[in-house]
Amino acid sequence: MMSSKEALSLKANVIYDFSAEPGNNELTVREGETVTILNQIVGGGWIEAQNSRGESGLVPEDYLQVSTPETATSPNAYSPEPTNSTNTQVANGDNPWSGGGAYTNDTTGGWDTQGYTQTQQNAGDDDGEWEEEWDDARSTGGYGDTTGEEEGGATGRNTHSHMKISINKFAFSKTPNPEVYLLAKLPPKGNDRLAIYMGDVGPVWLYPQSPLDCVVADPKKGSKMYGLKSYIEYQVTPNTTNRPVNHRYKHFDWLYERLLEKFGSAVPIPSLPDKQVTGRFEEEFIKMRMERLQGWMCRMCRHPVVSNSDVFQLFLTYRDEKEWKTGKRRAEKDECVGPMIFSTIDPEAPELDLIEVEQKCELFSKFTKEMDDGVKDLLIVGNLHWKRCTGSLRKEYQRIGKAFQNLSSVFNTSGYAGEATLTDALTAAGKTYEDIAQIIAEQPRKDLHFLMETNNEYKGLLGCFPDTIGVHKAAIEKVKEGDKMVAAGKITTQDKVTMAKRTSIMSYSLQAEMNHFHSNRIYDYNRVMQFYLEEQIRFYETIAEKLKQTLGRFTTL
């Protein structure tokens, strides 16, 4: 390996544009530029370099072609391409409901992002840990598939050659393949059985007697690589132990990938709150990310299957670094993933009728699609209302206030002795309307914020159902083809019977998930609408009280 002193004499050609992230000791370089290598052994896929202007910082090694005697003279010198490079241009916005998590601290109050997804996974580190440099360099979209968003000129990228990209979240995302379970030789039954029983509304998961909950709090900024790279770490405290554990965003991301891989065939796992590539350490953004991580964790805690899983319990209750790494390795080697998760399900009920299964599947599929449309519509309407409150509506009330005050100033020039009471009252009315303008601008953060956050959560959750439902539909189609497959000699008659039984188990699972979804939906929307309306009442009462006080300043003729 080349020492840092030897590297000082080396030059490198920049083969791709790279935009430095503010406050993270990176160096902006442009394609075709020549830089001097200061340290080639920084690690994690980074090289410390200096440009012709004397500026120095970290540059991804995949973006540089280091000049050596061989590469300088060879006409066929190899130029490596980065493993993955994703760029996104993000436009300015003025409210939080069109995009998602990338926060902009502007006067209109809000944060938007241009969504893009870039999934990174560990390529097999010996100790089971990731390289940490990619911690906050990935971004996934939040609210919207409806509008363009903010953080002007931000650039997202993956810069590490030792990372690999997972194209599909799970194998059946485009072509469902339940045969992995329907015709497989199942492993012996273990202790991790998922119970389903018949409740008042039909099949339901077995819920724990003491609901799990956790608090995500106390974000702290840390650093590594001698201060060259920074990150935010959160405290996560479960109600079962009341003992906090520390996690960075990448750990939440790891948990999400594990849950998706293991349970995604049976349980919709909504995406994490999105990432952004600039302004990550701004106070308002950290606060918003923490709030959204709290919401995501609460939703996972409320699911009886997810919350009771080994990987989720590891995330909440590990006691030291050794236990964390051991648990990570065990979770990453788990073979009971994808459709095989159905092999752990034991419904306490008879086999279901195939036609009934198909009808319920179609009905729920239609409902989730229509709810998805309704949620997106509410997000759009809320987005426009937020903009009006912080923009045009606020300005209208400000203009009314100014107009009253201007008229008061004109009246003051009359020289009439009895003018003072009226002009003072007019001035007060003008100031009242200016106060109302500010109240209107601030109100969405007090009520609309929580309504929109809930709808954003459900938008993400509903977006997961097509894949989950698709697995069940594919299983039903396989059972329908059973007679043809038997006639063609592809399966035996016993295989056909087994497929029908296992499809019935899958249907019990889907119906249990339907009932879990409906139960949570009714609870969530009852809660958020009550809160929204209570805040709206306070809002209008505050305005009414201000107007009453102003009215009292005018004399009765």
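All figures in this text were calculated on a predicted structure; none of them were measured in a lab.

Procedures and definitions
- Residues numbered from 1 in each chain as written.
- Predicted model: local features only at pLDDT ≥ 70, side-chain atom pairs only at ≥ 80, totals over all residues.
- Heavy atoms only, no water.
- Axes fitted to C-alpha atoms, helices over the stretch in contact; angles between N-to-C directions.
- Helix = DSSP H or I, 4+ residues; strand = E, 2+ residues; numbered from the N terminus.
- Parallel < 35°, antiparallel > 145°, perpendicular 65-115°, else oblique.
- Left-handed = near helix turned anticlockwise from the far one by under 90°.
- Contact = heavy atoms within 4.5 Å.
- Pairing = 2+ DSSP bridges.
- Nonpolar A, V, L, I, M, F, W, Y, C, P; charged D, E, K, R; others polar.
- Expected span 1.5 Å × (residues − 1).

Engineer: Please explain the packing of helix H5 (residues 283-301) against helix H7 (residues 310-317) as it appears in this structure.
Structural biologist: Geometrically, a packed helix pair is captured by the angle between its two axes and the distance between the axes. At a minimum axis separation of 12 Å, H5 and H7 run at an interaxial angle of 135 degrees. Considering their axes alone, H5 and H7 lie oblique with respect to each other. Handedness of the crossing formed by H5 with H7: left-handed. On H7, the residues touching Met297, Met300 and Cys301 of H5 are Phe312, Phe315 and Leu316.

Engineer: Hey, could you run me through the sheet that holds strand S14 (residues 245-248) in this one?
Structural biologist: Whether parallel or antiparallel, the strands of a sheet pair through hydrogen bonds between backbone atoms. Spatially, S12-S13-S14 is the arrangement adopted by the three strands of the open sheet, whose pairing is antiparallel. Edge positions in the sheet fall to strand S12 (214-224) and S14, since each of these pairs with one other strand and no more. Recorded for the sheet is a direction-independent mean angle of 30 degrees between the axes of neighbouring strands. Examined bridge by bridge, S12 and strand S13 (residues 229-238) share nine bridges and lie antiparallel to one another. Counted as the bridge partner of glycine 222 is tyrosine 231 from S13. Contacting S12 and S13, H5 crosses the sheet at an angle of about 135 degrees to S12. Helix-sheet contacts for H7 involve S12, S13 and S14, and the interaxial angle to S14 is about 110 degrees.

Engineer: Hey, could you run me through the packing of helix H4 (residues 249-263) against H7 in this one?
Structural biologist: Between H4 and H7, the least distance of the axes is 10 Å, while the angle of their chain directions is 165 degrees. It follows from the interaxial angle that H4 and H7 lie roughly antiparallel. When the axes of H4 and H7 are compared, the crossing they make is left-handed. Here His251, Phe252, Trp254, Leu255, Arg258 and Leu259 of H4 come into contact with H7, specifically with Val311, Phe312, Leu314 and Phe315. The residue makeup of the contact of H4 with H7, split by class, is eight nonpolar, one polar and one charged.

Engineer: Hey, could you run me through helix H10 (residues 392-412) in this one?
Structural biologist: Every α-helix carries 3.6 residues per turn, so stepping three or four residues along brings you back to the same face. When the terminal C-alpha atoms of H10 are compared, their 30 Å separation across 21 residues agrees well with the 30 Å that a helix rising 1.5 Å per residue should span. Those residues of H10 that are buried are in contact with helix H9 (354-390) and helix H11 (420-446).

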